[in-house]
Structure formats: structure tokens, C-alpha cells
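Listed below are the residues making up each chain.
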Amino acid sequence: MTEFTPWAALFGGILIGLAAVMLMAFNGRIAGMTAMLDGVLEPKSPDAPWRLAFLTGAILAPLAAMGFGAEFAFDAPVTGAALALGGVIVGVGVSYGSGCTSGHGVCGLARLSPRSAVATATFMATTFATVTVLRHVIGG
Amino acid sequence: MIRLLSALAAGLVFGLGIAVSGMGNPAKVLNFFDPFGTWDPSLAFVMGGALVTTLIGYRAIFGRWSAPLFDTRFHLPAVNTIDARLVGGAALFGVGWGISGFCPGGAIPALGFAPWPTTLFLVAMCGGILLARWLQALPRRRIA
């Protein structure tokens, strides 16, 4: 069980949106994490430095907040094999699908992109189907 | 330099948002997708809050400015084709998200507050991205 936390969820969501708006207003860039990872995977790209700066900020912020006493709930209720297998599948999927929850689900939908709407509807549906099968068909 | 600092600032806000929202907590993410079991609807508020904020912000920016503050133009995706590659990739991403409970944007900040299992996922995910690139480059290699 995890507790229903609508206010924290809403506040966190607004911050995620604010970050996307900041990156567009300042640098004219989409805050898609699949592309952001190219900062690590394609270090010679001219976009690598600002992408690395964004990634650094994204990792440092929770650490800094913890320094001020914040606590973030974390529980990975799956096996290491599931994390590794899921990771490989996510990597292949976001490459072919050109984006993930942040790029398609937030930035793309906010630009009213039909392409992102199709991608978001598709991955939300297959995530739901996968969790349902794993928890209630196989694990049920 | 200013572009690096502004990207860093946006990254800080993003990372805090992910951590506060629970999007970097696989248990919470998986429960959102489990309405027949231990359902936790929190993530609908995360996505709703993020989407509405971005929608309003983008409208304000694109309606008033012809260029961002620290660059000469907006860098927006030019592709708008909806094809099997997009749908298949998105479908596969969802399967991986459902197996692991992690999406890329959730996992990156989680590296800060839960380094161990997150590293495993991120390394595997980067392996998947490199695997996909290798597969995508294959036909061209054959022709050459």
C-alpha cells in the first residue's frame, strides 16, 4: 500500500510543469528526459553540456532537500531482475517512441501534438495492462 | 554559461518536483496502474498539475515571444508522423514501465534519494537505448 497524497502530488506536478516552462522560456528547449539522457550517451554533441547541467540539477535537488530535513518515500516492490529487464525494455521503447512521460506526456500534450497524444495514450494503456497482468493474472 | 545555469535551475525544479510528487517512487507508480488492487490515484494529480502548468506556460511564451530569453529560437520537434515505430515504441515503453515502476524522468531524480536500485534500472535503460540505436543502424550498414 502507498498512501493517497493528492496535495504533494499536485504540488510536485506543478513543479515539474514549472521546470518545463522554465527550460522553454530560457533556452527554448523541450524538457524530455529521453533526449536529456543524450547528455550522458552522446557527450560530444553540442547539446551535451546544457543537458548534463539539467541532469545534475535533477539529481542534486532531492539530495539538497534531504539536507534540509525533507524525506522522500521510496519502495521498489519488484525484483532486481524486473528492474533490469524493465530498464532494457524502457530504453528500447523510448528510443523507438522518441520520448517518455515527460517529453510526450507533459511537453508534447501541452503543445497539443497529436503524435504525443497517441504516444501517451499508448504507453498509459500498456503500462496499465502490464501491471494488471503481472499482479492479477500471473501473480493473482 | 547562462544557458548552463538556466538548464541547471530548471533541472533543480524538475528533480524536486519528481521527488515531492512520488513519480520517482516505483511502489506509488505501480499502485496508480493497479485500480483492481492497491490503487493510489496520486499520479493523476502529478500529471494533471504538470500538464496544466505547462499548457498555460507554453501558451504565454509562444503567444508573446518570438524567441526564448537565452537562445535565438525555440527548438521544437519538427516530426509529426504517427507511425508503427512511434506506437510500437510507446507500447514497449509502457511494458517496461509496468515491469519496473520506473520511467526515465522518475528514475533520474531518484538517483539522488535512492541510489541503489535506481542505478540498476538506469544502467539497464541506457543499455536498452544503445541497443535500439544499434538495431536502427543495422539496415544502413547492410546496404553500405
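The rules behind these values
- Residues numbered from 1 in each chain as written.
- Chains lettered and ligands numbered in written order.
- Predicted model: local features only at pLDDT ≥ 70, side-chain atom pairs only at ≥ 80, totals over all residues.
- Heavy atoms only, no water.
- Helix = DSSP H or I, 4+ residues; strand = E, 2+ residues; numbered from the N terminus.
- Buried < 20%, exposed > 50% of the residue type's maximum accessible area, 1.4 Å probe, protein only.
- Contact = heavy atoms within 4.5 Å.
- Areas by Shrake-Rupley, 256 points an atom, 1.4 Å probe, with all protein chains shown as cover.
- Lys, Arg positive; Asp, Glu negative; His and termini not counted.
- Charge placed at Lys NZ, Arg CZ, Asp CG, Glu CD.
- Salt bridge = Lys/Arg side-chain N within 4 Å of Asp/Glu carboxyl O.
- Buried area = accessible area lost by both parts, 1.4 Å probe.
- Polar contact = N/O pair within 3.5 Å; in protein donor to acceptor, adjacent residues only side chain to side chain.
- Core = buried A, V, L, I, M, F, W, Y, C linked by side-chain atoms within 4.5 Å.
- pLDDT = per-residue confidence, 0-100.
- Disulfide = S-S within 2.5 Å.
- Expected span 1.5 Å × (residues − 1).

**Student:** Could you clarify how one ought to interpret the overall build of chain A in this entry?
**Tutor:** A tally of regular secondary structure across chain A gives 7 helices and 0 strands. Across chain A, helices and strands are ordered from the amino to the carboxyl terminus as α-α-α-α-α-α-α. Within chain A, the proportion of its 140 residues that are buried is 55%. Considering only contacts in chain A between residues 6 or more positions apart, those separated by 24 or more positions represent 26%. Split by element, the accessible area of chain A, about 5,900 Å² in all, is 71% carbon and sulfur. Taken together, the 6 basic and 6 acidic charged side chains of chain A have centroids lying 14 Å from each other.

**Student:** Looking at this structure, I do not really get the environment of P49 of chain A. What am I missing?
**Tutor:** By secondary structure assignment, the location of P49 of chain A is in helix α4 (residues 48-67). P49 of chain A sits in the partly exposed class, given a relative accessible area of 42%.

**Student:** Honestly, the pattern of salt bridges in this entry has me stumped. Any pointers?
**Tutor:** Once their charged atoms are close, side chains differing in charge can pair, the charge on each being opposite to the other. Across all of its chains, the model carries 6 salt bridges over all chains by this definition. Salt-bridge contacts for D38 of chain A lead to R133 of chain B; the nearest nitrogen and oxygen are separated by 2.5 Å. Linking D38 of chain A in helix α3 (residues 38-41) with R133 of chain B in helix α6 (residues 115-143), this pair reaches from one chain into another. Salt bridges sharing partners connect three or more residues here, namely D38 and E42 of chain A together with R133 of chain B.

**Student:** Please explain the interface of chain A and chain B as it appears in this structure.
**Tutor:** Quite often, the size of an interface is put as the accessible area lost when its parts meet. With 100 residues of chain A at the interface, the matching set in chain B holds 105 residues. Summed over both sides, the interface of chain A with chain B buries roughly 9,200 Å², with 77% coming from carbon and sulfur. Among the residues of chain A in contact with chain B, F74, Y96 and R115 of chain A are the three that bury the most area, contributing 8% of the side total. Across the contact surface, chain A and chain B share 3 salt bridges. A salt bridge links R135 of chain A to D34 of chain B, with the nearest nitrogen and oxygen atoms 2.9 Å apart. At the junction of chain A and chain B, the tally comes to 23 residue pairs in polar contact (both at pLDDT 80 or more). Elements that contribute at least two residues to the side of chain A that touches chain B include exactly α1 (6-27), α2 (33-36), α3, α4, α5 (80-96), α6 (101-110) and α7 (114-138) of chain A.

**Student:** Explain unusual backbone geometry here, please?
**Tutor:** A negative phi holds for most residues other than glycine; trans holds for most peptide bonds. Residue and element names in this part refer to chain A. Residue S98 is not a glycine yet carries a positive backbone phi of 55°. Relative to the elements of secondary structure, S98 occurs in the loop between α5 and α6. Taking relative accessible area as the criterion, S98 reaches 45% and is therefore assigned partly exposed. One non-glycine residue, L112, lies in the positive phi region at around 60°. Here L112 shows up in the loop between α6 and α7. Here L112 falls in the exposed class, since its relative accessible area comes to 55%.

**Student:** Is there a simple way to explain the nonpolar core in this structure?
**Tutor:** Soluble globular proteins: nonpolar side chains tend toward being buried together. L23, M33 and F54 of chain A together with F14, F93, W97 and F121 of chain B are the most contacted members of the largest nonpolar core, which has 66 residues in total. Per-element tally for this core: the top contributor is α1 of chain A, with 10 residues.

**Student:** Help me understand the confidence of the model for chain B, please; the structure alone is not making it clear to me.
**Tutor:** Close inspection of predicted coordinates is inappropriate in any region flagged by low pLDDT. Mean pLDDT over chain B: 94, with 97% of residues reaching 70 or higher. Interface predicted TM-score (ipTM) for the complex: 0.96; the corresponding pTM is 0.95.

**Student:** Is there a simple way to explain the state of the cysteines in this structure?
**Tutor:** As used here, a disulfide is simply a covalent bond connecting the sulfur atoms of two cysteines. Residues and elements named next belong to chain A. As enumerated under the stated definition, the model contains 0 disulfides over all chains in all. No disulfide involves C107; its sulfur sits 9.4 Å from the nearest other cysteine sulfur, which is in C100. Relative accessible area serves as the criterion here: at 0%, C107 is assigned to the buried category.

**Student:** Where do I start with helix α1 (residues 2-21) of chain B in this structure?
**Tutor:** Spacing of three or four residues puts side chains on the same side of an α-helix, whose turn is 3.6 residues. The end-to-end C-alpha separation of α1 of chain B is 28 Å, in line with the 28 Å expected for 20 residues at 1.5 Å each. Residues S6, A7, A10, G11, V13, F14, G15, G17, I18, A19 and S21 of chain B constitute the buried set of α1 of chain B. Where the residues of α1 of chain B are buried, they touch α1, α2 and α4 of chain A together with α2 (26-32), α3 (42-64) and α5 (104-113) of chain B. Once α1 of chain B ends, the next one or two residues include G22 of chain B, with phi positive near 95°.

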